[in-house]
Amino acid sequence: DRIKKSIDLVNNNFSRNNLIYSADGNQKDRNIKLAYLEKYNSNIIFTSFVSNTYDELLLMKEIMIENKFNSVLIVTTPPHSRRVDFLINQYIDFKSSNLTYTIVSSTPEWWSKKYYYKNNKAINFIIHEIFKLSYNFIDYSIFKYLSFDENTLLKIDEFKKKFTKKLNKLLHDLQTTS
């Protein structure tokens, strides 16, 4: 869905350089995109794998600076767009590097801006985003800026891993029960 929207934007001249960058979480996700892209003639550049949205946005900023791109179109799902905007504005700081961005929502069939609350997949996605936004705030506003000794940092990392694992299980359970 996001790749299709990205290709549409490139084909309709919304991109000056006609490049699509994609940072995936794993090879399985990348293979799905590659299979889809075989149908299209697009200039897609796959970056290194990333583990989360924050890391993906940091990588995007780095790529923009290295290639002297001053603006970017970010294609993402509608409920994810708020967190992307929040992370860029609060933590990634495009402005200090004179970078700009425009978020473009993809159009997944399960999303309706007006009736999202009637669709279980949309509701689960929104709940997921609320948990992740809260987690991002705690991680990047509190843990990143406090001075902790090495032992405390290791305990915080262990807590974050356990919390993330439990959160993912909870979200998975929510999706399978709806």
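Residues numbered from 1 in each chain as written. Predicted model: local features only at pLDDT ≥ 70, side-chain atom pairs only at ≥ 80, totals over all residues. Heavy atoms only, no water.

### Some points on the packing of helix H3 (residues 53-66) against helix H4 (residues 78-92)
Piece 1. Contact geometry for H3 and H4: axes closest at 10 Å, N-to-C directions at 60°. Classified by the interaxial angle, the pair formed by H3 and H4 is oblique. The two elements H3 and H4 meet at a crossing, and its hand is right-handed. Across from Thr53, Tyr54, Leu57, Leu58 and Lys61 in H3, the residues of H4 making contact are His80, Arg83, Val84, Leu87, Ile88, Tyr91 and Ile92. (Axes fitted to C-alpha atoms, helices over the stretch in contact; angles between N-to-C directions. Helix = DSSP H or I, 4+ residues; strand = E, 2+ residues; numbered from the N terminus. Parallel < 35°, antiparallel > 145°, perpendicular 65-115°, else oblique. Left-handed = near helix turned anticlockwise from the far one by under 90°. Contact = heavy atoms within 4.5 Å.)

### Focus: the packing of aromatic side chains
Piece 1. Taken as a whole and judged by the stated rule, the model has eleven aromatic pairs.
Piece 2. Plain terms: the ring middles of Tyr54 and Tyr140 are 3.9 Å apart, the flat faces sit at 15° to each other, and that makes the pair stacked. Within this pair, whereas Tyr54 is found in helix H3, its partner Tyr140 is found in helix H5 (residues 120-143), the two being separated by 86 residues in sequence.
Piece 3. Where Phe159 meets Phe163, the ring centres are 6.0 Å apart and the plane angle is 25°; that geometry is what we call stacked. (Phe/Tyr/Trp six-rings, centres within 6.5 Å; stacked < 30°, edge-to-face > 60°.)

### Quick notes on the layout of surface pockets
Piece 1. Roughly 380 Å³ of internal volume is contained in the second largest pocket.
Piece 2. Around the second largest pocket sit 14 residues that line it, and Pro78, Pro79, Ser81, Arg82 and Trp111 are the ones nearest its centre.
Piece 3. When contributions to the lining of the second largest pocket are tallied by element, the ones reaching two or more residues are H4, strand E4 (100-105) and H5.
Piece 4. Here the element with the most residues in the lining of the second largest pocket is H4; it accounts for six residues.
Piece 5. Classifying every residue of the lining of the second largest pocket by side-chain character gives seven nonpolar, two polar and five charged. (1 Å grid on protein atoms, 1.4 Å probe; cavity = no way out; pocket = protein on both sides within 12 Å on 5 of 7 lines; lining within 4 Å. Points joined across faces, edges and corners; volume = space filled by probe spheres on them. Nonpolar A, V, L, I, M, F, W, Y, C, P; charged D, E, K, R; others polar.)

### Topic: the packing of H4 against H5
Piece 1. Interhelical geometry of H4 versus H5 gives an angle of 10° and a closest axis separation of 9 Å. In terms of their interaxial angle, H4 and H5 are classed as roughly parallel. Facing H4, whose interface residues are Pro79, His80, Arg83, Phe86, Leu87 and Tyr91, H5 presents Phe125, Ile126, Glu129, Lys132, Leu133, Asn136, Phe137, Tyr140 and Ser141.

### A word on the side chain of Asp139
Piece 1. Its place among the elements puts Asp139 in helix H5.
Piece 2. Among all residues touching Asp139, those that are not within four sequence positions of it are Lys144 and Lys160.

### Digging into the pairing of E4
Looking along a regular strand, one sees side chains alternate from face to face of the sheet.
Piece 1. Both strand E3 (residues 71-76) and E4 contribute to a ladder of six bridges, which runs parallel. Paired with Ile74 across the two strands is Ile103, which belongs to E4.
Piece 2. In this view, the connection linking E3 to its parallel neighbour E4 by way of H4 has right-handed handedness. (Pairing = 2+ DSSP bridges. Right-handed = clockwise from strand over helix to strand, strands pointing away.)

### Looking at the nonpolar core
Piece 1. Grouped together as the largest cluster of nonpolar side chains are 14 residues, with contacts concentrated most on Leu57, Met60, Ile74 and Phe94.
Piece 2. Examining the composition of this core, we find that five residues originate from one element, H4, more than from any other.
Piece 3. Residues in contact with Leu57, not counting those within four places in the same chain, are Ile74, Val84, Leu87, Ile88, Ile92 and Phe94. (Core = buried A, V, L, I, M, F, W, Y, C linked by side-chain atoms within 4.5 Å. Buried < 20%, exposed > 50% of the residue type's maximum accessible area, 1.4 Å probe, protein only.)

### Overview of H5
Piece 1. Taking 1.5 Å as the rise per residue, H5 with 24 residues should run 34 Å; its terminal C-alpha atoms sit 33 Å apart, in good agreement.
Piece 2. Of the residues that open H5, the one with a side-chain oxygen 2.8 Å from the backbone nitrogen of Lys121 is Asn119. (Expected span 1.5 Å × (residues − 1). Polar contact = N/O pair within 3.5 Å; in protein donor to acceptor, adjacent residues only side chain to side chain.)

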